[in-house]
Amino acid sequence: MPAASFQRFASHEEALALMDQFREAGIPSTMRANAAVMGGMILGQAPTEHHVLIDSSDFPRAHALLDAEARSMLTSVGTDHPLHSFTNEELMEVLARPHEWTALDVRLAQHLLTERGLPISEGVIDDLYARSIARMSEHDRAGTSLIVIGSIILIALPSLAYSRSLIPMLTISLMLMSLLWYIARSRKTIADGSVMMRYNGRDRIAAMLMMVVCAVSLLIALWRIAMQ
């Protein structure tokens, strides 16, 4: 199975530390920086991220490794840990979204709730994990991005063609087509190692159609410039 992003870090050192853990456990891993640059472009930013990639089939083993480590570290967690100040509702939110927190955070949240008289069984943890996977399996929507891109295609390209602005026209066209290709073909990896299309079918079809419109508009604009 192909390698996929298991966890991402803002710090290069944190990513290397996780890779060391995986190496000791016999789980091959690699690191890639800025694996989601195109996603950052759609949002108007390109954050620096360090992704630790492992084979999709190794995801369950990697989660089990981190969970076992988290259990062993519980007794050494001090009262200065931020989760100690969380309310019961906030701790339940940690359990409800385990993939947005570290394995230690999840086990500590379970431990703190138990200490406060609200024991959370392993069955409940498993159910919350399954619900989190189901949420992550939902397709993203690119509605706003598609509206903006469509508006640029309909307004900017004809205007640039009329003014004979060849280089800006080519630059905008290539950027738009790159973004549309990302929407049409982008995939995401969820916490169980499954890989799926990032955007829903309707948005992907719309992106492909807009790519065609963009390409045709560009060709017509180039032809008009050549004929003038």
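This structure is a prediction, so every number in the text was calculated from the model and none was measured.

1. Digging into the sheet that holds strand β1 (residues 3-9)
Spatially, β1-β3-β2 is the arrangement adopted by the three strands of the open sheet, whose pairing is antiparallel. The sheet terminates laterally at β1 and β2 (29-33), the two strands that pair on one side only. Along the sheet, successive strands turn relative to each other by an average axial angle of 35°, direction set aside. Bridging between β1 and strand β3 (residues 50-55) involves six bridges; their strand directions are antiparallel. The residue of β3 that forms the bridge with glutamine 7 is valine 52.

2. Quick notes on the side chain of serine 132
Within the secondary structure, serine 132 is located in helix α6 (residues 122-136). The buried category is assigned to serine 132, whose relative accessible area is 4%. Of the polar contacts made by the side chain of serine 132, one reaches the side chain of histidine 99; its length is 2.8 Å.

3. Notes on the packing of helix α1 (residues 12-24) against helix α3 (residues 59-73)
Where α1 contacts α3, the two axes come as close as 11 Å, and the packing angle between them is 105°. One finds that α1 runs roughly perpendicular with respect to α3. Between α1 and α3, the contacting residues are Leu18, Gln21 and Phe22 on the first element and Ala62, Leu65, Leu66 and Glu69 on the second. Looking at the contact of α1 with α3, its residues break down into five nonpolar, one polar and one charged.

Cut-off values and rules
- Residues numbered from 1 in each chain as written.
- Predicted model: local features only at pLDDT ≥ 70, side-chain atom pairs only at ≥ 80, totals over all residues.
- Heavy atoms only, no water.
- Pairing = 2+ DSSP bridges.
- Helix = DSSP H or I, 4+ residues; strand = E, 2+ residues; numbered from the N terminus.
- Axes fitted to C-alpha atoms, helices over the stretch in contact; angles between N-to-C directions.
- Buried < 20%, exposed > 50% of the residue type's maximum accessible area, 1.4 Å probe, protein only.
- Polar contact = N/O pair within 3.5 Å; in protein donor to acceptor, adjacent residues only side chain to side chain.
- Parallel < 35°, antiparallel > 145°, perpendicular 65-115°, else oblique.
- Contact = heavy atoms within 4.5 Å.
- Nonpolar A, V, L, I, M, F, W, Y, C, P; charged D, E, K, R; others polar.

Read these as geometric descriptors, not functional statements.
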